[in-house]
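Structural overview
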Amino acid sequence: MDKEAERWWSKDTVAVVTGANKGLGLGIVRQLAKEGITVVLTARDATRGNVALESLKSQGLHNVNFHPLDVASQESILALAEWLHKTYGGIDILINNAGIINLDKDVTFETVKPVLDTNYFGVKNVTKALLPLLRDDTPGGARVIVVASIYGQLQHLENKDYVKTLSDREHITEDFVDSFVNHYLKDVVDGSQKEGGWPNWTDWVNSPVGRPAETYSVSKVAVIAYVSALHNTLVAQPGSGKKINVFSCCPGFVATDINNNTGTKTVEEGADTPVWLALHSPEEGIGKFWADRKVVDF
Ligand SMILES: NC(=O)c1ccc[n+]([C@@H]2O[C@H](COP(=O)([O-])OP(=O)(O)OC[C@H]3O[C@@H](n4cnc5c(N)ncnc54)[C@H](OP(=O)(O)O)[C@@H]3O)[C@@H](O)[C@H]2O)c1
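Please read these numbers as outputs of a predicted model, since none were measured by experiment. (Residues numbered from 1 in each chain as written. Predicted model: local features only at pLDDT ≥ 70, side-chain atom pairs only at ≥ 80, totals over all residues. Heavy atoms only, no water.)

Section: the environment of Ala98
Test applied: We count a stretch as a helix when DSSP gives it H or I for four or more residues in a row; a strand needs E for two or more, and each element gets its number in order from the N terminus. Per-residue accessibility, obtained with a 1.4 Å probe over protein chains only, is compared with the maximum for each type, and a residue is labelled buried under 20%, exposed over 50%, and partly exposed between these values. Two residues qualify as a contact provided that any one of their heavy atoms is within 4.5 Å of a heavy atom in the partner residue.
The topology assignment puts Ala98 in the loop between strand E4 (93–96) and helix H4 (109–130). A relative accessible area of 16% means that Ala98 is categorised as buried. Distance from Ala98 to Val146, taken between C-alpha atoms, is 9.2 Å for residues 48 residues apart in sequence. Residues contacting Ala98, with those up to four places away along its chain left out, are Thr18, Gly19, Val71, Thr118 and Asn119.

Let's talk about the site of the ligand
To be explicit about the condition: A molecule or strand has a residue near it when one of that residue's heavy atoms lies within 4 Å. Counting of polar contacts relies on pairs of N or O atoms within 3.5 Å, with two restrictions inside protein: one atom must be capable of donating a hydrogen and the other of accepting it, and residues adjacent in sequence are counted only when both atoms are side-chain atoms. Residue-level accessible areas treat just the shown protein chains as cover; the underlying method is Shrake-Rupley with a 1.4 Å probe. As a working rule, the residues Ala, Val, Leu, Ile, Met, Phe, Trp, Tyr, Cys and Pro are called nonpolar, Asp, Glu, Lys and Arg charged, and the rest polar, with Gly in that last group.
Near the ligand there are 29 residues, and of these Asn21, Arg44, Asn97, Tyr216 and Thr256 occur at the shortest range. Separating a nitrogen atom of the ligand from a side-chain N or O atom of Asp70 is a distance of 2.9 Å. A distance of 2.8 Å separates an oxygen atom of the ligand from a polar backbone atom of Val254. Burial of the ligand by the surrounding chains reaches 94%, relative to a free accessible area of 890 Å². Secondary-structure elements contributing two or more residues to the shell around the ligand are helix H1 (23–34) and helix H8 (214–236). When the residues that make up the shell around the ligand are grouped by side-chain class, the tally is 13 nonpolar, 10 polar and six charged.

Here's the deal with the nonpolar core
Quick reminder of the rule: What we call a nonpolar core is a set of buried Ala, Val, Leu, Ile, Met, Phe, Trp, Tyr and Cys residues that are connected through their side-chain atoms within 4.5 Å.
Ranked by internal contacts, the top residues of the largest apolar core, which has 59 residues, are Leu84, Ile91, Leu130, Leu157, Leu166 and Phe180. For this core, the element with the most residues is H8, which contributes 11 residues. Counting 34 residues, the second-largest nonpolar core is a separate cluster that includes Ile37, Ala52, Leu56 and Phe247.

Thoughts on H8
For the α-helix, the turn length of 3.6 residues means that residues three or four positions removed from each other point alike. Heads up, the rule is: The span one expects for a helix is its residue count, reduced by one, times 1.5 Å.
Between its first and last C-alpha, H8 extends 33 Å over 23 residues, near the 33 Å set by a 1.5 Å rise per residue. With 19 of 23 residues buried, H8 is to be regarded as a mostly interior element.

Comments concerning the sheet that holds strand E1 (residues 14–17)
Under the convention used in this document: When DSSP finds at least two bridges between two strands, those strands are taken to pair. For every element, the axis is a line fit to its C-alpha atoms; helices are fit only across the contacting stretch, and the angle between N-to-C directions ranges from 0 to 180 degrees.
Spatial strand order, E3-E2-E1-E4-E5-E6-E7-E8: eight strands in an open sheet with mixed pairing. Looking at strand neighbours, the two that pair on one side only are strand E3 (64–68) and strand E8 (294–295), the edges of this open sheet. As judged from the two bridges shared by strand E7 (residues 289–291) and E8, these two strands associate in the antiparallel manner. Note on E8: the bridge partner recorded for Ala291 is Lys294. Contacting E1, strand E2 (38–43) and E3, helix H3 (residues 74–88) runs over the sheet at an angle of about 145° to E3.

Topic: the environment of His280
Tracing the backbone through its elements, the reader meets His280 in helix H9 (residues 267–280). By relative accessible area, which is 26% here, His280 ends up partly exposed. Separated by 140 residues in sequence, His280 and Gly140 have C-alpha atoms that sit 8.8 Å apart.

A short note on the packing of helix H6 (residues 174–190) against H8
Each packed pair of helices is defined by two parameters, the angle between the axes and the distance between the axes. Here is the rule: With respect to orientation, any angle under 35 degrees is reported as roughly parallel, any angle over 145 as roughly antiparallel, any angle of 65 to 115 as roughly perpendicular, and every other angle as oblique. Whether a crossing is left-handed or right-handed is set by the direction in which the near helix is turned from the far one by less than a right angle, anticlockwise for left-handed and clockwise for right-handed.
Contact pair H6 / H8: the axes reach a minimum separation of 8 Å and the direction vectors enclose 165°. In this view, H6 runs roughly antiparallel relative to H8, as classed from their interaxial angle. In this structure, H6 crosses over H8, and the sense of that crossing is left-handed. Residue-level inspection shows Glu174, Val177, Phe180, Val181, Tyr184 and Val188 of H6 in contact with H8, the latter providing Glu214, Thr215, Val218, Val221, Ala222, Ala225, Tyr226, Ala229, Leu230 and Thr233. The residue makeup of the contact of H6 with H8, split by class, is 12 nonpolar, two polar and two charged.

Topic: the packing of H4 against H6
It is the contact of H4 with H6, at a shortest axis distance of 10 Å, that shows an interaxial angle of 170°. Considering the angle they form, H4 stands roughly antiparallel to H6. Two secondary-structure elements touch here, H4 through Phe109, Val112, Lys113, Leu116, Tyr120, Phe121, Lys124 and Lys128 and H6 through Glu174, Val177, Asp178, Val181, Asn182, Tyr184, Leu185, Val188 and Val189.

What about the pairing of E3?
Remark: a regular strand shows side chains that alternate across the two faces of the sheet. The following threshold applies: When the strands point away from the viewer and the path from the first strand over the helix to the second turns clockwise, the crossover is right-handed.
One ladder, built from five bridges, connects E2 with E3; its direction is parallel. Across the sheet, the residue bridging to Leu41 is Phe66, located in E3. Taken together, E2, helix H2 (residues 46–58) and E3 form a β-α-β motif whose crossover is right-handed.

Topic: the state of the cysteines
Rules: In this description, a disulfide is simply a cysteine sulfur pair whose atoms lie within 2.5 Å.
For the structure on display, the rule yields zero disulfides. Summary of cysteine pairing: Cys249 is not part of a disulfide, and the nearest cysteine sulfur, belonging to Cys250, is at 7.5 Å. For Cys249, a relative accessible area of 0% corresponds to the buried category. Among the residues examined, Cys250 registers a relative accessible area of 6% and is labelled buried.

Some details on the packing of aromatic side chains
Quick note on the threshold: The rule is short: rings of Phe, Tyr and Trp, with Trp giving its six-membered ring, pair when the centres are within 6.5 Å, and they are stacked under 30 degrees, edge-to-face over 60, tilted in between.
All told, the structure shown has 12 aromatic pairs when counted by the stated rule. Ring centres 5.8 Å apart and planes at 65° place the aromatic pair Tyr162 and Phe176 in the edge-to-face group. Within this pair, whereas Tyr162 is found in helix H5 (residues 160–167), its partner Phe176 is found in helix H6, the two being separated by 14 residues in sequence. Phe176 sits in the partly exposed class, given a relative accessible area of 22%. Arranged with centres 6.4 Å apart and planes meeting at 75°, the rings of Phe247 and Trp290 form a pair that is edge-to-face. Of this pair, Phe247 sits in strand E6 (residues 244–250) while Trp290 sits in strand E7; the two residues are 43 residues apart in sequence, bridging distant segments of the chain. Among the aromatic residues, ring-to-ring pairing joins Tyr162, Phe176, Phe180, Tyr184 and Trp198 into one connected group.

Here it is as structure tokens:
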């Protein structure tokens, strides 16, 4: 994949991937493991995680370990952080990949909450818990990648005030992103998503995913914004002595369970951009949204 001179990583490099028992997560683990990196494959279900681990071992990839992680559970997140600390001391790469879509046509608090808890709060809580473990001596800086989606581009939001504020990438704050998500949740409870200018699910019936994706879209807007906000926070922290490069990206439309395997890219193709960002960490694109190895519009 890369010229030897660019290879800063080795078997001592540690990467953690969430939601990695199948789909893109498993593809990302496989590509990183093929590079010789030590990879921690995490999954919320230990059986599914271990089956995935064994499948990699049967392909000759023995530099992968498994640890359980439910990104929607703070207890599970803290248990992973403690285990990583004890086992490796620190990590170099975190890839937040776990994600779900709401299959129900009813957009209610009950159907929306798990999507936001996984796709937004899960990413944020995992990242916060593992930030202290990111090493200060990773060449070029430690890396945090968030697998988002083009469904999170601002063109899908009708609320022009949010579009204006979120477009101002250098001033987005983590508190503002929280308030954006909580406002959406409140509008769902009040049944006022249309007045709130949120992506209207009726627009999504004919979308490639073939079913309503309002909440998914909001959650992906939120994580793309969170990556910019986190970058702003990290840059503003003077003298922390640690360089951490954060990126969000879309893998493309990939054939996995999330879209009933209707995607047009293979998992290996979809894993390419998140893995490339993790390995190359392009300085000019830190905090930004990527697809096909290029910065694209939020
Ligand atoms: N496929 C695409 O076309 C596409 C396009 C854009 C973005 N994405 C994004 O890519 C990421 C991966 O999706 P995918 O396409 O690979 O879908 P997938 O095959 O359905 O995989 C999703 C993974 O996330 C895991 N997961 C769900 N909730 C979790 C939780 N609470 N804790 C830990 N893991 C959890 C799932 O575990 P279980 O097996 O236990 O459910 C599974 O391993 C998602 O963030 C998705 O939004 C995908």
